[in-house]
Amino acid sequence: AGAHDAAARTAESLLEMDQGCADAHLVLSRIHLSKGDHAAARAALDEAVASDFKVRESPMFSIISAQCKVSDGDLEGGLKELEAAMKLPGVRAPLTARQEEEARRKKTIPVSVQDRATVFIMLAEVLHKLERAADADVQLKTATSEFAGTPEEVRVMIASCEMAMEKGGDGEEKALTLLSRVTRESPHYAKAKMALARIYLEKRKEEAKYIHCYQELAREINDTKSWAALGEAFITICEPEYAINAYEHAATLDKTNDPAFKRNMAKAYVTCLFFKAAVEYMEKECRKDPDAIDLQMDLSALYIRLKKFGEAEDWLAKLVNRLENAVDTASLERGVECARMLAKVCEGIKDREGRIESLTRAHTMRKSLVLRARADREEYKKQIGLMSELCVEIAGLHQARHDVKSALAFYEEALMNDRTNVPALLALSRMRLNSGEIDACQQSCSEVLRYDADNEEASLMLAELMFQKENYETAIYHFSQLLEKNPCNYRALAQLVHLLRRCGRLDEVGRFIKLAHSTSESPQYDCGLNYCKGLVSKFENKPQDALRSFNLSRKDIQWGPNAVYSMVEIYLSPESTDLWDEEAMMDGGGDDQARVAAAESLLAEVHRNRREEPRHVILECYARMMSKSQHGIAEALNILGDIIIQEPNNVPAVLAVCTCHMLLRQVPKARNQLKRVEKMPYNASEADEFERSWLMMADIEVQGKKYDHAIDLCHKCLKYNRSCAKAWELIGQVCEWEQNYVEASENYERAWQFCGMSNPGVGFRLAWCYLKSKRMVDCIDVCKKVLSEHPDYPKIKRDILQKAQAGLRP
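Residues numbered from 1 in each chain as written. Predicted model: local features only at pLDDT ≥ 70, side-chain atom pairs only at ≥ 80, totals over all residues. Heavy atoms only, no water.

**What to know about the overall build of the chain**
At step 1: Across its full length, the chain holds 44 helices and zero strands.
At step 2: Taken over the C-alpha trace, the chain has a radius of gyration of 37 Å; the compact-globule value for 810 residues is 28 Å, which it surpasses by more than 25%.
At step 3: Of all 810 residues assigned to the chain, the portion counted as buried reaches 49%.
At step 4: Put simply, of all contacts in the chain between residues at least 6 apart along the chain, 54% involve residues at least 24 apart.
At step 5: For the chain, the distance from the average site of its 112 positive side-chain charges to the average site of its 126 negative ones is 1 Å. (Helix = DSSP H or I, 4+ residues; strand = E, 2+ residues; numbered from the N terminus. Rg over C-alpha atoms; globule rule 2.2 N^0.38 Å. Buried < 20%, exposed > 50% of the residue type's maximum accessible area, 1.4 Å probe, protein only. Contact = heavy atoms within 4.5 Å. Lys, Arg positive; Asp, Glu negative; His and termini not counted. Charge placed at Lys NZ, Arg CZ, Asp CG, Glu CD.)

Following this line, the structure appears as structure tokens:
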């Protein structure tokens, strides 16, 4: 590494004096290649050709170009380069005295024995990869005779052994024999020993002989690299104690202060799970060498792994400040990585704003890298792809905090950089769908399907669009296609349940449930199927059936969390009523404390990683509200206030706050918050919360005799959910108070239908309107249905049923 750095500095000094020095560009390209930086190697190679086209006649050019092409998977291109190199003077056969004299006169770099051997070996390797084994053997045999007695003889032999091993048969024994003959005096002794060790480990499974090779190598050479190699060998066979001893001995021999060795030493400690020793070693070395940026990054990564976020933040903040204004590409790349790691730290300490800020700094640095890469087509393509991915990540964070404008800007920037970024297109489609931009959403989904014809999420969104356009048959056809292809696609089935409910056709989901039931291998224990059945029962207002189905899926990794949350919602509101609606809550009956205990027990089952999510916290607040005590409601208000400070437009949190105010009889405060929700753009992902907010506001307006506004809000609910029983009920109440009993009964009929004929309050009002409309038979039927479910329901028997029966008598 030190020799490479010195060579690079010399080459750069030459280029400062003469930018057109092709040989200096060629040397830099070779150094980049040795470090594995193929993009930089290609760029330097292009600079060399631009400076002097004759450089293409150099074997070094062909070697570097071939290696770059092979690393990119272009084996045929690499083969052509190497075959062209073979035709150059001095490669297939050494230069004659006359040719050497001519080369000196032209001041060209002579072809070294090492370069000649490299061309032969690479040509054989490429032919072998192209499954032209016979041609590869010919090249190796030629090389063996050509380089016999030279320092490259062992190198050719090692290449022959490696290919022989890959072919199998007696090649393994032959390789062992040849490699064992390599003496200490050979410059390729170390490489031969390592190849011999690899045979013992991979082919013979003899760990003792494998380690013996490295121990012998360490004793003979006795330098930092050989002892570090021994440590790596011990790690390979899972001997951490011996590995650390070898590395620590290597450290005593290290006189070069090599950063690469320090990183390997630290990596050894981490690999062996000696985290305390790793931290102490890296801290000490980082303080000794403030320029050891890679080691500081490794230390920060280890702190993150150990969840010591404070220490990681200290190191990363300094690194980002130092690297964000760097002028070289490598430092900017490190800066981006450090900023992303800092964002991970912020995620660990639940600092969303800090995470966004860190990723925004990474975005600024990545933008500089994109601008620098414009001259290199391949590098530019890579950089804009990385920029697109970063924009999607930042947009997702803005979207989570309900900052739609910023999220939209970053998604659009992601697509500006890479139009084929499917995650960005899907996220943008979902945002447009949520905000009601149906045509734009349809365009984005179509674009996704153009790049990924089988994308399930885009197909589901297109089906949902058809529902929003009230093109129900087309939407159901989309789902039919998906579910007939795979009846157990429960994600699509659950989506279909939601959408059929919203268009008031939930009864049509039965055939899809039956199809999934007949296809499933074990329908009784199929968690996805039970979850979908639970959804149907919940929407049909059959809480006991829903609880049974959800209970069968609550332990599942995929469906469990949503099943648990659905069960909690049922326990807190068994009749799908709201806590603030005292009449409805009394109709529901039951033991509030037992339901709260069951809800809290279920919430405690949720994995701790999800307990910080707003949905979980809000459900915990509803459980506190169920106590109806001032203390419980005040606690819930405090917790919800913290959520709203972070996310002012979080509709579920605002709705929960309004529920608290209603329970505290603070109707004006609730009304003010509900006005805010009314002005917010509709978001389909929070459809239920928007609906409940509008209904709460409509109920307040009905109580205040503001019927026009109440009816507008109810129609708004019905626009997005035709099955909204409460909206039909409120419209019916307004018609009833206006003494329009015929129209009131029509609305109550729908409310009665969509609540599954289980809400006695709706049944009472429907029966009353039937009585007033002289529909005695219908009135009696409803009364009997209510009394069969709620025998003690007050007044319905005396005030309605008996009068209706009397009205039938002549």
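**A few points about unusual backbone geometry**
At step 1: Of note in this structure, Asn 222 is not a glycine but carries a positive phi near 55°.
At step 2: Tracing the backbone shows Asn 222 in the loop between helix 12 (207-221) and helix 13 (224-236).
At step 3: On the basis of relative accessibility, which here comes to 40%, the residue Asn 222 falls in the partly exposed class.
At step 4: Of note in the backbone geometry, His 402 takes a positive phi value of approximately 65° without being a glycine.
At step 5: Of note, His 402 is situated in the loop between helix 21 (377-400) and helix 22 (404-417).

**Details of helix 28 (residues 510-519)**
At step 1: Taken as a whole, helix 28 has its buried residues at Phe 512, Ile 513 and Ala 516. Down the axis of helix 28, the smallest arc covering the buried residues is 100°, so these residues share one side. Along helix 28, the residues that are exposed and aim more than 90 degrees away from the buried face are Arg 511, Lys 514 and Ser 518.
At step 2: In this fold, the buried residues of helix 28 make contact with helix 26 (472-485), helix 27 (490-502) and helix 29 (527-539). (Arc of directions from axis to C-beta.)

**Here's the deal with the confidence of the model for the chain**
At step 1: Mean pLDDT over the chain: 83, with 92% of residues reaching 70 or higher.
At step 2: Across residues 584-589 the pLDDT falls below 50, and counting only partners more than four positions away or on other chains, this stretch makes 14 contacts in the model. (pLDDT = per-residue confidence, 0-100.)

**Structural notes on the nonpolar core**
At step 1: Core analysis: the largest hydrophobic core is formed by 227 residues, its most contacted members being Leu 179, Tyr 210, Leu 316, Tyr 411, Leu 493 and Met 625.
At step 2: In terms of residue count, the dominant contributor to this core is helix 36 (residues 651-663) (10 residues).
At step 3: Of all hydrophobic cores here, the second largest spans 25 residues; its members include Val 70, Ala 117, Met 122 and Ala 159. (Core = buried A, V, L, I, M, F, W, Y, C linked by side-chain atoms within 4.5 Å.)

**Quick word on a positive patch on the surface**
At step 1: A cluster of basic residues, Lys 307, Lys 350, Arg 608 and Arg 611, forms a positive patch at the surface.
At step 2: Structurally, Lys 307 can be placed in the loop between helix 17 (293-305) and helix 18 (309-323). (Patch = residues over 30% accessible without salt bridge, like charges linked within 9 Å, V, L, I, M, F, W, Y side chains within 5 Å. Areas by Shrake-Rupley, 256 points an atom, 1.4 Å probe, with all protein chains shown as cover. Salt bridge = Lys/Arg side-chain N within 4 Å of Asp/Glu carboxyl O.)

**Remarks on the pattern of salt bridges**
At step 1: Tallying each qualifying case throughout the model produces 32 salt bridges.
At step 2: We note a salt bridge from Lys 538 to Glu 569, for which the minimum N-O separation is 2.7 Å. Linking Lys 538 in helix 29 with Glu 569 in helix 31 (residues 560-572), this pair joins segments that are 31 residues apart in sequence.
At step 3: On the basis of relative accessibility, which here comes to 28%, the residue Glu 569 falls in the partly exposed class.
At step 4: A single network of salt bridges, built from pairs that share partners, joins Arg 263, Asp 294, Asp 298 and Arg 334.

**A word on helix 44 (residues 796-808)**
At step 1: Taking 1.5 Å per residue, 13 residues should reach 18 Å; helix 44 reaches 17 Å between its end C-alpha atoms and fits that length.
At step 2: Along helix 44, the residues classified as buried are Ile 796, Ile 800, Leu 801 and Ala 804.
At step 3: Where helix 44 is buried, its residues meet helix 42 (760-772) and helix 43 (776-789). (Expected span 1.5 Å × (residues − 1).)

**Some points on the side chain of Glu 729**
At step 1: Within the secondary structure, Glu 729 is located in helix 40 (residues 725-737).
At step 2: Of the residues examined, Glu 729 reaches a relative accessible area of 8% and is grouped as buried.

**What about the packing of aromatic side chains?**
At step 1: Counted according to the given criterion, the structure contains 12 aromatic pairs.
At step 2: Among the aromatic residues, those joined into a ring-pair cluster are Tyr 682, Phe 690, Trp 694 and Tyr 720.
At step 3: In this structure, Arg 450 packs its charged tip against the face of Tyr 451, placed 5.6 Å from the ring centre.
At step 4: Here Arg 501 stacks its cationic end above the ring of Phe 539, 4.3 Å away from the centre of that ring. (Phe/Tyr/Trp six-rings, centres within 6.5 Å; stacked < 30°, edge-to-face > 60°. Lys NZ or Arg CZ within 6 Å of the ring centre and 35° of its normal.)

**Structural notes on the environment of Met 265**
At step 1: Here Met 265 lies in helix 15 (residues 259-271).
At step 2: Setting aside chain neighbours within four positions, we find Met 265 in contact with Tyr 247, Glu 248 and Tyr 281.

**Here we look at the packing of helix 40 against helix 42**
At step 1: Helix 42 packs onto helix 40 with a crossing angle of 35° between their chain directions and a minimal axis gap of 11 Å. Once helix 40 is placed against helix 42, the crossing between them reads as left-handed. Along its contact with helix 40, which presents Glu 729, Gln 733 and Glu 736, the element helix 42 presents Val 762, Arg 765, Trp 768 and Cys 769. (Axes fitted to C-alpha atoms, helices over the stretch in contact; angles between N-to-C directions. Left-handed = near helix turned anticlockwise from the far one by under 90°.)

**Thoughts on the packing of helix 26 against helix 28**
At step 1: Two elements in contact, helix 26 and helix 28, have axes whose closest approach is 12 Å; the angle formed by their N-to-C orientations is 5°. Judged on the interaxial angle alone, helix 28 and helix 26 are roughly parallel. For the pair formed by helix 26 and helix 28, the contact residues are Ile 476, Ser 480 and Leu 483 on the first element and Arg 511, Phe 512 and Leu 515 on the second.
At step 2: Split into classes, the residues belonging to the contact of helix 26 with helix 28 amount to four nonpolar, one polar and one charged. (Parallel < 35°, antiparallel > 145°, perpendicular 65-115°, else oblique. Nonpolar A, V, L, I, M, F, W, Y, C, P; charged D, E, K, R; others polar.)

**Remarks on the environment of Trp 559**
At step 1: Locating Trp 559 in the fold gives a position in the loop between helix 30 (543-553) and helix 31.
At step 2: As for Trp 559 and Ala 301, which are separated by 258 residues in sequence, their C-alpha atoms are 33 Å apart.

**Focus on a negative patch on the surface**
At step 1: A cluster of acidic residues, Glu 311, Glu 313, Asp 314, Asp 351 and Glu 357, forms a negative patch on the protein surface.
At step 2: The biggest single contributor to the negative patch is helix 18, with three residues.
At step 3: Here Glu 311 lies in helix 18.
At step 4: Exposure remark for Glu 311: the relative accessible area of 35% places this residue in the partly exposed category.

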